[in-house]
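Results of the structural survey
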Amino acid sequence: MPAHALSLHVETDTGSARIRDRVARALLVLAAAGAVAAVVSAVSTVADAGPATRMVETWRMLGFGVFAGVFLLLAYRPRLYAGIWELAILNKLGLTLAALSFGSGTDGAGAALIADGAVTLILLAAYVLNRGWTAWSAARGRGVMQGVSDRRHPVRDGA
């Protein structure tokens, strides 16, 4: 690899960095497993839903599946997906704050506060352990950010 090219991975030659990566990976797999369990649990909710709620329950169930995939992608390549960490954290934090503000007068708010609050903490811990913010510098090193703003030199696949 040329000296000026950035690696997609932060060096993890030190023992402590490897341990941090493994702990973060385990946290993300745990979050993905929870999301898969939520998909399975939501199947009966969708099946029992009436016409007024069937679509929103289906949307919710499929959202759990998307997040399971996002968590697994982050576990697999934590320093590759610029912005995905932050979007996932902001989504879960937003749901936690919404549940907190709605309070006990809203059906499901208590469960969402616990579940989304826990996932927010898991994601924040994994983000710090994996140094997820370094995905931005890796993206700039691959020219991804340049290709978006500079159409004269578009980014090519595999570049």
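Residues numbered from 1 in each chain as written. Predicted model: local features only at pLDDT ≥ 70, side-chain atom pairs only at ≥ 80, totals over all residues. Heavy atoms only, no water.

A grouping of L90, L93, L97, L100, L113 and I114 is seen on the molecular surface, where their side chains present a nonpolar patch of about 570 Å² in accessible area. When residues in the nonpolar patch are grouped by element, the largest group, 4 residues, is from helix 3 (residues 84-102). Among the secondary structure elements, L100 is positioned in helix 3. (Patch = residues over 30% accessible without salt bridge, like charges linked within 9 Å, V, L, I, M, F, W, Y side chains within 5 Å. Areas by Shrake-Rupley, 256 points an atom, 1.4 Å probe, with all protein chains shown as cover. Salt bridge = Lys/Arg side-chain N within 4 Å of Asp/Glu carboxyl O. Helix = DSSP H or I, 4+ residues; strand = E, 2+ residues; numbered from the N terminus.)

The next thing to look at is the nonpolar core. Within the largest apolar cluster, 17 residues are counted, with the highest numbers of intra-cluster contacts made by L28, F71, W85, A88 and L123. Mapped by element, the contributors of at least two residues to this core are helix 1 (15-48), helix 2 (54-76), helix 3 and helix 4 (109-130). If we ignore the near neighbours within four places in the chain, the residues touching F71 are L28, A31, A32, A88, K92, V119 and L123. (Core = buried A, V, L, I, M, F, W, Y, C linked by side-chain atoms within 4.5 Å. Buried < 20%, exposed > 50% of the residue type's maximum accessible area, 1.4 Å probe, protein only. Contact = heavy atoms within 4.5 Å.)

A few words now on the packing of aromatic side chains. All chains considered together, the criterion is met by 3 aromatic pairs. Ring centres 5.5 Å apart and planes at 65° place the aromatic pair W85 and Y127 in the edge-to-face group. Of this pair, W85 sits in helix 3 while Y127 sits in helix 4, and the two are 42 residues apart along the sequence. Residue W85 shares its accessibility class with Y127, and that shared class is buried. Look at Y127 and W133: their rings are 5.6 Å apart centre to centre, the planes differ by 65°, and that puts the pair in the edge-to-face class. Owing to a relative accessible area of 39%, W133 belongs among the partly exposed residues under this scheme. Of the aromatic side chains, those joined through ring pairs into one cluster are W85, Y127 and W133. Above the ring of F67, the side-chain terminus of K92 is found at 4.3 Å from the ring centroid. (Phe/Tyr/Trp six-rings, centres within 6.5 Å; stacked < 30°, edge-to-face > 60°. Lys NZ or Arg CZ within 6 Å of the ring centre and 35° of its normal.)

Within the fold, T134 resides in helix 5 (residues 134-141). For T134, a relative accessible area of 10% translates into the label buried. In terms of polar contacts, T134 uses its side chain to reach the backbone carbonyl oxygen of R131, at 2.7 Å. (Polar contact = N/O pair within 3.5 Å; in protein donor to acceptor, adjacent residues only side chain to side chain.)

Moving on to helix 4. A rise of 1.5 Å per residue sets the reference length of helix 4, with its 22 residues, at 32 Å; its end C-alpha atoms lie 30 Å apart and thus fit the reference within 8%. Buried within helix 4 we find A109, D116, G117, V119, T120, I122, L123, A126, Y127 and N130. Taken from the residues just after helix 4, R131 is the one with a positive phi, measuring 55°. (Expected span 1.5 Å × (residues − 1).)

Across the interface, helix 1 lies against helix 2 with an axial gap of 8 Å and an inter-helix angle of 160°. Taken together, the axes of helix 1 and helix 2 lie roughly antiparallel to each other. Between helix 1 and helix 2 lies a crossing of left-handed hand. In terms of residue class, the contact of helix 1 with helix 2 is made up of 20 nonpolar, 3 polar and 3 charged. (Axes fitted to C-alpha atoms, helices over the stretch in contact; angles between N-to-C directions. Parallel < 35°, antiparallel > 145°, perpendicular 65-115°, else oblique. Left-handed = near helix turned anticlockwise from the far one by under 90°. Nonpolar A, V, L, I, M, F, W, Y, C, P; charged D, E, K, R; others polar.)

With respect to the secondary-structure elements, S101 resides in helix 3. With 12 residues separating them in the primary sequence, S101 and L113 have C-alpha atoms 9.7 Å apart. Side-chain polar atoms of S101 contact the backbone oxygen of A98, separated by 2.9 Å.

Given 3.6 residues to a turn, an α-helix orients residues that are three or four positions apart in the same direction. When we look at burial in helix 5, the residues that qualify are T134, A135, A138 and A139. For helix 5, the angular spread of buried residues about the axis comes to 145°, placing them on one side. (Arc of directions from axis to C-beta.)

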